[in-house]
Amino acid sequence: MTRYDNDAERTFVALPPAQGRGFAQTWWGRAWLRALEDAAMDAAQVKTGRRLARAGAVGAVSVRPGRITAVVQDRDRTAHQADVLLEQLSAAQWDRFVDMAIERSGHVAALLDRDMPPHLVEDAAAAGIDLLPGMGDLEPECDCGAWDHCGHTAALCYQVARLLDQDPFVLLLMRGRAESAVLDALQAHGTARAKEVPSRPRPEGVDAAEAYAAGQVLPPLPAPPGLGDGPGVPPSLDTETASPPGVDPSELFFLASRTAAEAHRLLSEALRAGHDRRAVAPEPTVAQDAVRLAAGDPGPEALERLGEGSGRSREAMAEAVRAWRLGGGAALSVLEEEWTVEGDTLARARAVLDSAWEEHERPTLQARANRWTVVGAPHQLRLDREGRWWPFRREDGRWLPVGGAGQDPATALATAALASGDEP
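Source: prediction; values computed, not measured. (Residues numbered from 1 in each chain as written. Predicted model: local features only at pLDDT ≥ 70, side-chain atom pairs only at ≥ 80, totals over all residues. Heavy atoms only, no water.)

**So, the sheet that holds strand β8 (residues 371-374)**
Overall, antiparallel pairing links the five strands, which are arranged β7-β8-β9-β10-β11 in an open sheet. Where the open sheet ends on each side, the last strands, each with one partner, are β7 (365-368) and β11 (398-401). For this sheet the average axis-to-axis angle between neighbouring strands, irrespective of direction, equals 30 degrees. Bridging between β7 and β8 involves four bridges; their strand directions are antiparallel. Bridge pairing links alanine 367 to tryptophan 372 in β8. Running at roughly 45 degrees to β11, helix α13 (residues 314-336) makes contact with β8, β9 (379-383), β10 (389-395) and β11 of the sheet. (Pairing = 2+ DSSP bridges. Helix = DSSP H or I, 4+ residues; strand = E, 2+ residues; numbered from the N terminus. Axes fitted to C-alpha atoms, helices over the stretch in contact; angles between N-to-C directions. Contact = heavy atoms within 4.5 Å.)

**Quick word on α13**
Each α-helix winds once per 3.6 residues, and so residues spaced three or four apart point in a common direction. The terminal C-alpha atoms of α13, which comprises 23 residues, lie only 15 Å apart, well short of the 33 Å expected from a rise of 1.5 Å per residue. The sharpest bend along α13 comes to roughly 130 degrees, located at glycine 327. For α13, every residue scored as buried is listed here: Ala316, Met317, Glu319, Ala320, Val321, Ala323, Trp324, Gly328, Ala331, Leu332, Val334 and Leu335. Residues of α13 that are buried in the fold lie against α11 (286-294), α12 (300-310), β8, β9, β10 and β11. (Expected span 1.5 Å × (residues − 1). Bend = angle between axes of the 7 residues up to and from the residue. Buried < 20%, exposed > 50% of the residue type's maximum accessible area, 1.4 Å probe, protein only.)

**Quick notes on the nonpolar core**
Core analysis: the biggest nonpolar cluster contains 59 residues, and Trp32, Phe97, Leu131 and Met174 have the highest contact counts within it. It is helix α6 (residues 151-166) that provides the largest number of residues to this core, a total of nine residues. With near-sequence residues (within four places) excluded, methionine 174 lies in contact with Trp32, Val63, Arg64, Pro65, Gly66, Ile68, Leu86, Gln88, Val160 and Leu164. Core analysis: the next-biggest nonpolar cluster, separate from the first, contains 19 residues, Ala290, Ala294, Ala295 and Ala323 among them. (Core = buried A, V, L, I, M, F, W, Y, C linked by side-chain atoms within 4.5 Å.)

**A look at the pattern of salt bridges**
By the definition in use, this model includes 19 salt bridges. The partner of glutamate 315 in a salt bridge is arginine 398, with the nearest N and O atoms 3.7 Å apart. Of this pair, glutamate 315 sits in helix α13 while arginine 398 sits in strand β11; the two residues are 83 residues apart in sequence, bridging distant segments of the chain. When its relative accessible area of 34% is taken as the criterion, arginine 398 is described as partly exposed. Measuring nitrogen to oxygen at the nearest pair gives 3.5 Å for the salt bridge that ties arginine 371 to glutamate 338. Residue arginine 371 is found in strand β8, and its partner glutamate 338 is found in the loop between α13 and α14 (343-356); the two are separated by 33 residues along the sequence. Judged by relative accessible area, glutamate 338 falls into the partly exposed class, the value being 43%. (Salt bridge = Lys/Arg side-chain N within 4 Å of Asp/Glu carboxyl O.)

**Looking at the pairing of strand β3 (residues 61-64)**
The pairing of strand β2 (residues 9-12) with β3 spans three bridges and is classified as antiparallel. Following the sheet pairing, phenylalanine 12 is matched in β3 by valine 61. Here β3 runs beside strand β4 (residues 67-73); their pairing, made up of three bridges, is antiparallel. Pairing of valine 63 across the sheet is with isoleucine 68, part of β4. Joining the antiparallel neighbours β3 and β4 is a turn of two residues, in which glycine 66 adopts a positive phi near 80 degrees.

**Some details on the environment of glycine 328**
Of note, glycine 328 is situated in helix α13. The class for glycine 328 is buried, based on a relative accessible area of 16%. Along the primary structure glycine 328 and alanine 295 are separated by 33 residues, whereas in three dimensions their C-alpha atoms are 9.7 Å apart.

**Thoughts on the side chain of histidine 152**
Mapped onto the elements, histidine 152 comes out in helix α6. Given a relative accessible area of 7%, histidine 152 falls into the buried group. Within polar-contact distance, the side chain of histidine 152 engages the side chain of aspartate 74 at 2.7 Å. Other than its neighbours up to four places away in sequence, histidine 152 contacts Leu52, Val72, Asp74, His80, Ala82, Cys142 and Cys144. (Polar contact = N/O pair within 3.5 Å; in protein donor to acceptor, adjacent residues only side chain to side chain.)

**Structural notes on helix α10 (residues 249-270)**
Here α10 is 22 residues long and its end C-alpha atoms lie 31 Å apart, about the 32 Å a rise of 1.5 Å per residue gives. Turning to α10, its buried residues number three or more, namely Glu251, Phe254, Glu262, His264 and Ser268. When α10 is viewed along its axis, its buried side chains cluster within an angular range of 155 degrees and face the same direction. Elements that come into contact with the buried residues of α10 comprise α11 and α12. (Arc of directions from axis to C-beta.)

**Observations regarding the packing of aromatic side chains**
According to the stated counting rule, one finds four aromatic pairs in the structure shown. When the centroid spacing of 6.3 Å and the interplanar angle of 85 degrees are considered together, the rings of tryptophan 27 and tryptophan 28 count as edge-to-face. The ring of phenylalanine 392 is capped by arginine 382, whose NZ or CZ atom sits 4.0 Å from the centre of that ring. (Phe/Tyr/Trp six-rings, centres within 6.5 Å; stacked < 30°, edge-to-face > 60°. Lys NZ or Arg CZ within 6 Å of the ring centre and 35° of its normal.)

Next comes the structure, spelled out in structure tokens:
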């Protein structure tokens, strides 16, 4: 229960003992206590304060700008006046806070619901406003003579954490503004901002240092999302509204569908065990991503645009799509790139080739760069940079991939022979 002595002070009647429950249930209440516990020099005094607060030894709490006060009784019934001071926000900071809250209507709605979402604190920090106290911000004063937090000021802080759980406006009052003053300012600034033409664009994002600092008081990250049965379906673009010049709704729908499919694939990989120990794949180039999109069977016009944008003819794009479907970016690289095998890599490749067949079964191979062609047959092996072998066959004068990669060149060559209809 709250008694309002005046607009700039609130007095809360003594709360009952906190039996069987923690002192802070909300994330901002826990952040308040963390500011106390991290800064107190004597952990024993903090424990004493917790016991006193839990036993109901804290009397009525007075909250006013910059200060909270209460009478706290020791176990022997000796009463002490305990105060905790918190720096007030400046007038300029309050103006920035009000402007920030108005820019996002959800902030105002949350406060009215007695909630303090993390993004409100983040946005305030980005505007140079520290709503929640940090380590050392809670300054103690007690008539017991202690120079640091004693059991009495610690008990007061624990009791105030329960009040903050119920109403975050208590924190705003400590920072210098009563609830009515905050709401009046929001209404006045909101009316003035509505008359501004044009409205000022809000900068996106926050400073990295501020975001890192805010992370000390934010709740833990939620559990990773679950993986659905398949990618989501983009909204239909079949409307009566005419499309802007140069925009094809069917191509835009295709692009959104492929983006959803790629996001689903990336998420499925991220949720696999051991994903955090795998090397991060390099970002695909524009030419590679064009092939990925083309592999999703776009319309003829989109396919032509992808080919032109990636510098490939229609025939070259068809070959690239074929490779992509067999092995993604690695298969595409083996198809289009030729690299020189040297040093230890070359020695290992030759050793693998020598041991892959019995002496009388070994085919005659002619090497050039990372490609070994079977003499007298339309079959070829290509080595990628990971040491895997890819089967190729010759069709109409062009070498085309015919299977996935493997560690054994004999198996890869057998795949090439079977694809050609030859005996392996």
